[in-house]
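So the chains spell out like this:
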Amino acid sequence: MKRFSYILFLIVLTANCAFALPAKKVKPTNTIVQTEQYKLLSEQANVFYAGNEINSAFNMLLSIPDEERSAQNWLLLGNLLQDQGKLDEAVFMYNRAIQTDDSFYKAYYNLGNIYLQDGKPNMAVEQYKKVIKLHPEYAYAHYNLGCAYIALGKYGKAKFEILTAIDLKNTVADFHYNLAYVYKKLNKEKTAKSYLEHYNKLIENQI
């Protein structure tokens, strides 16, 4: 599972099917500038997280006052909570990341993943669209948006998004697998077969 800024890209549908408190309102700002002390704590928390020292990373981030936390700090707290299955708390943290920086597309993406995993594809669609508006060349956002559309039975829209994902990054096997599934649902058996064959080739090359 691929994490973006330590977060996942979901593999959805058929053989790979996986469907991820409103924050207290604060004044949005894109101008959080941490003091040197808290920058160092943030960097150390990232080191702990990268080294799988989860508790140390979490405690380090909690030692940073709310008003000093960057969007990245909130995101990492959300990731740590999501890893523990505490999805409501993770959602809270991702919303705080967005409130800190409303252009921080990574947090929208992570919210989309949670909603998709949690069987809320309409809510996931909203988040992935925000990601694409901010970062249109992010292939996994198009792919996961396509997966959300699959969950909603909107196969035409799913086809468009997964094709876009493949145009941006054509070496991800699961993109081709789920596109084959979409074409099958659209009764395009020949096209579905060609994408399934390409999927199999990519898998073989990974072995």
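Residues numbered from 1 in each chain as written. Predicted model: local features only at pLDDT ≥ 70, side-chain atom pairs only at ≥ 80, totals over all residues. Heavy atoms only, no water.

Caption draft 1: How the structure looks around the packing of aromatic side chains. In this structure the tally under the stated criterion is eight aromatic pairs. Site record: aromatic cluster; members linked through ring pairs are Tyr105, Tyr109, Tyr128, Tyr138, Tyr140, Tyr143 and Phe175. Stacked on the ring of tryptophan 74, the Lys or Arg arginine 69 has its end atom at 4.7 Å from the ring centre. (Phe/Tyr/Trp six-rings, centres within 6.5 Å; stacked < 30°, edge-to-face > 60°. Lys NZ or Arg CZ within 6 Å of the ring centre and 35° of its normal.)

Caption draft 2: Examining unusual backbone geometry more closely. Although it is not a glycine, asparagine 52 adopts a positive phi angle of roughly 65°. Among the structural elements, asparagine 52 can be located in the loop between α1 (36-50) and α2 (54-62). In this structure asparagine 52 comes out as exposed when scored by relative accessible area, which is 60%. Backbone geometry at asparagine 187 places phi at a positive 65°, although glycine is not the residue there. (Helix = DSSP H or I, 4+ residues; strand = E, 2+ residues; numbered from the N terminus. Buried < 20%, exposed > 50% of the residue type's maximum accessible area, 1.4 Å probe, protein only.)

Caption draft 3: Representation of helix α4 (residues 87-100). Taking 1.5 Å per residue as the helical rise, α4 with its 14 residues ought to reach 20 Å, and the 20 Å between its terminal C-alpha atoms agrees with that figure. Those residues of α4 that are buried lie in contact with α3 (71-83) and α5 (105-117). (Expected span 1.5 Å × (residues − 1). Contact = heavy atoms within 4.5 Å.)

Just geometry here; none of it tells us what the structure is for.
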